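Listed below, chain by chain, are the residues.
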Number of protein chains: 2
Amino acid sequence: MTTIRDVARLAGVSISTVSLALNSPKRVGVETLDRIQQAIKSTGYRIDPVAQTLARGRSSLIGFVSANLGNMFFGDIRREIEHQALDHGYFVLIADSSGRADLERALLERLEAQKIAGIALAANGRGEEYATFLRDFKTPIVMFDQKVEGAERDFIGSDNPLTTTILTEHLLQLGHRRIGFISGPSGLHTADERLKGFMDTMAGAGAEIDPSLVVEGGYTRTGGHAQAMRLLTRRDRPTAIIGANNMMGLAALQVMQEMGFRCPDDVSLAMVDDVPWSNVITPRITMVVQDAQKLGELAAQRLLARIASPEAAAEPPRDFILTPKFVRGESTRRL
Amino acid sequence: MTTIRDVARLAGVSISTVSLALNSPKRVGVETLDRIQQAIKSTGYRIDPVAQTLARGRSSLIGFVSANLGNMFFGDIRREIEHQALDHGYFVLIADSSGRADLERALLERLEAQKIAGIALAANGRGEEYATFLRDFKTPIVMFDQKVEGAERDFIGSDNPLTTTILTEHLLQLGHRRIGFISGPSGLHTADERLKGFMDTMAGAGAEIDPSLVVEGGYTRTGGHAQAMRLLTRRDRPTAIIGANNMMGLAALQVMQEMGFRCPDDVSLAMVDDVPWSNVITPRITMVVQDAQKLGELAAQRLLARIASPEAAAEPPRDFILTPKFVRGESTRRL
DNA sequence: TCACATCATCGAACCGGTTCGGTAGGCTGA
DNA sequence: TCAGCCTACCGAACCGGTTCGATGATGTGA
């Protein structure tokens, strides 16, 4: 391994000059700079990022923490962030919290110990104490998807109440009244908002809500499957089901197929968010999709800006709320 | 930030003793050890992994490099490796090469600069020069999925010729003779092997192979889509199509739907590897699936072992070949 | 021509650990 | 009683960079 000292010796300058040449070339004489660059070339010197991190107290790593990388939604965001980060010379350290708040917290602390430059976080922790933890975190954090009230961080997400408002209105217009709603983990930002969108829209239309048709599927495939099963085995089963996310929506479709219900003939289905192969799934599912790419793009920009400049870092946190898009499929029918 | 020196001062010992206490507690007197642990507790001292990495020349990070994290196959492997790594105190640094060999190489070099402890790699580079590069890499590497001949590293993969052999035999038995084959990038280990499995089985059965029915879809969705389109717009289109991986197989199904062909009535379809929501896709696709979890498990074990002990590190590289499983769907019919 | 600012460069301290050679003291056995 | 060996601990060098205050040389304006 060739070090900065080897370069300095070869170029006949001090190590501090080499360091200067590397970090602010304009502050070094042209001729000296040239000699140093020659020396670097001929020794094949590569800066040691670990030593640099130790000395600077900051690495050039960015953390990406979310609940479920397998979900295409997070995957798309990750890809976008990774892309931009690489462009700016950052590496992305990815961590999957599996939706567990305690694990998530441990991961964040580990990332901080690595002197990570910044973190993009889809939080699963909740509550005031967690908000304080996030607020007092010394490392820049940009939150996406899940907002934690009181964390006082940039947030990039979608208009979640709108997602279910759109779907609910759509179903109401088709004449549905008994609508089953498979919700996410209560207490989680997006889950609560999506549930609210559904409830408010129903109430606004004067449609009665049967509380037993509102179930919690935990945003997971298995949870969604179990709850869809509960809904569909009832004698007075709903005429339509809304899945508050893609995994639970598809799980509901799976249950229908397993139980021999035809969609939409027997039961209508709508869900929030897309999945990669939705266009080969029969029937084409009616959904409201978030712009994951845009979301990742904004998150990355925001994070990189805060990392790069102290002024940007000092800016008050902002919320960026994207508008989701309605994609009509063939999984809903008029009653 | 409290450092090891603060702890040493408080415990009334030297820093080297604290370091000893941390790394090999048995070599420190019980009473001293106790004082040190008290001091650690009361100061809330947390070891600095960056400084440790610099001093040791090795970090406690593990790299995971593959072509496409979005593909469930790699996702499952990643999850398994991540899981085991965390258990052993390692963090996983994930990098997506997007299938580009040059980018992959750059990523590997970056990981090495981070003094990464080990790397799990699904290689996309090929050729002798690349094999040499991998062989001379100083960091432990375990390769999975894609074998690079001459790299002399542990390899965990599946019996690739068998995957397509099974599918081809299945189709032959159903009476198909004009079988379209959408292959992966030629030169890539798994792609070549799967193609061979197809060709050999066809030849072995005395079935004539129309070379124009063998196309290259690059293992990608878009590539698969384009090639399936080519196959299916022919007047003398094949009666069945084999996709050499899941993305291309589904892309072929998508093309059929777009063109109004019914599967399997008009064209039969079979593919290698599953996707997460295959059970809500109509028709259920006939496929041969690899055991991704087992594969990840083996890769992690092998890598962690080599990292942990010099003896294991010195062992000659081994190949672990898993047997894929045939899953019959409803996407193939008797001619 | 002189005081002073500017520029290019350097030396040394520092980031926070690990590791190795050494030493003092106590124990063993002949 | 003493050589020889552990055991428990320490000091210092080291990993490979960054950063800041200092210094001599050069340029500027009055």
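The following paragraphs examine the structure supplied in this document. (Residues numbered from 1 in each chain as written. Chains lettered and ligands numbered in written order. Predicted model: local features only at pLDDT ≥ 70, side-chain atom pairs only at ≥ 80, totals over all residues.)

In terms of helices and strands, chain A carries 13 helices and 12 strands. Taking 2.2 N^0.38 as the reference for a compact globule, 335 residues should give roughly 20 Å; the C-alpha atoms of chain A span a radius of gyration of 25 Å, well beyond that estimate. The principal-axis extents of the C-alpha atoms in chain A amount to approximately 85 × 40 × 30 Å. Contacts spanning at least 24 positions in sequence make up 69% of the contacts within chain A whose residues lie at least 6 apart. (Helix = DSSP H or I, 4+ residues; strand = E, 2+ residues; numbered from the N terminus. Rg over C-alpha atoms; globule rule 2.2 N^0.38 Å. Contact = placed C-beta atoms within 7 Å.)

Our focus in this paragraph is the relation of the copies chain A and chain B. In the superposition of chain A on chain B (RMSD 0.1 Å, axial shift 0.0 Å), the rotation amounts to 180°. Such values leave the two copies arranged in the relation of a two-fold axis. Interface overlap between copies: 100% of the residues of chain A at the interface are likewise at the interface in chain B, consistent with a symmetric, same-surface contact. (Least-squares fit on C-alpha atoms with pLDDT ≥ 70 in both.)

To continue, consider the interface of chain A and chain B. With 31 residues of chain A in contact, the opposing surface of chain B contributes 31 residues. Put simply, the parts of the chain that give the side of chain A that touches chain B at least two residues each are α4 (49–56), α5 (72–87), β2 (91–96), α6 (101–113) and α11 (246–259) of chain A. The biggest single contributor to the side of chain A that touches chain B is α4 of chain A, with five residues.

A few words now on the protein's contact with DNA strand D. As a matter of local geometry, DNA strand D sits amid 27 residues, with Ile 4 and Ser 16 of chain A together with Ser 16, Gly 29 and Thr 32 of chain B nearest to it. Put simply, the parts of the chain that give the surface near DNA strand D at least two residues each are α2 (15–23) and α4 of chain A together with α2 (15–23) and α4 (49–56) of chain B. (Near = placed C-beta within 6 Å.)

Before going further, it helps to examine the sheet that holds strand β4 (residues 141–144) of chain B. Within a beta sheet, neighbouring strands are joined by backbone hydrogen bonds and run either parallel or antiparallel to one another. Residues and elements named next belong to chain B. The sheet built from six strands is open, its strands ordered β2-β1-β3-β4-β5-β11 with parallel pairing. Each having just a single partner strand, β2 (91–96) and β11 (319–322) make up the two edges of the open sheet. Here the strands of the sheet are splayed against their neighbours by 15° on average, with no regard to which way each runs. Of the strand pairs in this sheet, β4 and strand β5 (residues 154–158) are connected by three bridges, and their pairing is parallel. Following the sheet pairing, Val 142 is matched in β5 by Asp 154. Here helix α6 (residues 101–113) sits on the sheet and contacts β1 (61–66), β2 and β3 (118–121); the angle it forms with β1, its principal contact strand, is near 180°. (Pairing = 2+ DSSP bridges. Axes fitted to C-alpha atoms, helices over the stretch in contact; angles between N-to-C directions.)

With that settled, the discussion passes to the protein's contact with DNA strand C. Residues in close proximity to DNA strand C total 28 residues, the closest being Ser 16 and Thr 32 of chain A together with Ile 4, Ser 16 and Ala 55 of chain B. Going through the elements one at a time, α2 and α4 of chain A together with α2 and α4 of chain B are the ones with two or more residues in the surface near DNA strand C. Per-element accounting of the surface near DNA strand C gives the leading share, six residues, to α2 of chain B. Considered class by class, the residues forming the surface near DNA strand C number 15 nonpolar, 10 polar and three charged. (Nonpolar A, V, L, I, M, F, W, Y, C, P; charged D, E, K, R; others polar.)

Looking now at the sheet that holds strand β11 (residues 319–322) of chain A. Residue and element names in this part refer to chain A. As summarised here, the arrangement of the six strands in space is β2-β1-β3-β4-β5-β11, forming an open sheet in which the pairing is parallel. Where the open sheet ends on each side, the last strands, each with one partner, are β2 and β11. Going across the sheet, the axis of each strand differs from the next one's by a mean of 15°, ignoring polarity. Two strands pair when backbone bridges link them, and strand β1 (residues 61–66) and strand β3 (residues 118–121) are joined in this way by four bridges, in the parallel orientation. What sits directly across from Gly 63, in β3, is Ile 119.

Before going further, it helps to examine the packing of α5 of chain A against helix α12 (residues 292–308) of chain A. Residues and elements named next belong to chain A. As a packed pair, α5 and α12 sit with axes 8 Å apart at the nearest point and diverge in direction by 40°. Relative to α12, the element α5 lies oblique. Considering only the axes of α5 and α12, their crossing is right-handed. Where α5 abuts α12, its residues Phe 73, Asp 76, Ile 77, Glu 80, Ile 81, Gln 84 and Ala 85 lie against Ala 292, Gln 293, Leu 295, Gly 296, Glu 297, Ala 299, Ala 300 and Leu 304. Broken down by class, the residue content of the contact of α5 with α12 amounts to nine nonpolar, three polar and three charged. (Parallel < 35°, antiparallel > 145°, perpendicular 65-115°, else oblique. Left-handed = near helix turned anticlockwise from the far one by under 90°.)

Further remarks concern the nonpolar core. Within the largest apolar cluster, 166 residues are counted, with the highest numbers of intra-cluster contacts made by Ala 299 of chain A together with Ala 299 of chain B. If near-sequence neighbours (up to four positions away) are discounted, Ala 299 of chain B is found in contact with Ile 77, Ile 81, Ala 120, Val 142, Phe 144 and Ile 156 of chain B. (Core = buried A, V, L, I, M, F, W, Y, C linked by C-beta atoms within 7 Å. Buried ≥ 20, exposed ≤ 12 C-beta atoms within 10 Å, placed from the backbone.)

So, about the packing of helix α8 (residues 160–173) of chain A against helix α9 (residues 189–204) of chain A. All names here are of chain A. Relative orientation of the contacting elements α8 and α9 amounts to 40°, with a least axis distance of 7 Å. Between α8 and α9 the crossing geometry is right-handed. Where α8 approaches α9, its residues Asn 160, Pro 161, Leu 162, Thr 163, Thr 164, Thr 165, Thr 168 and Glu 169 are matched on the opposing element by Thr 190, Glu 193, Arg 194, Lys 196, Gly 197, Phe 198, Thr 201 and Met 202. For the contact of α8 with α9, the per-class residue count stands at four nonpolar, eight polar and four charged.

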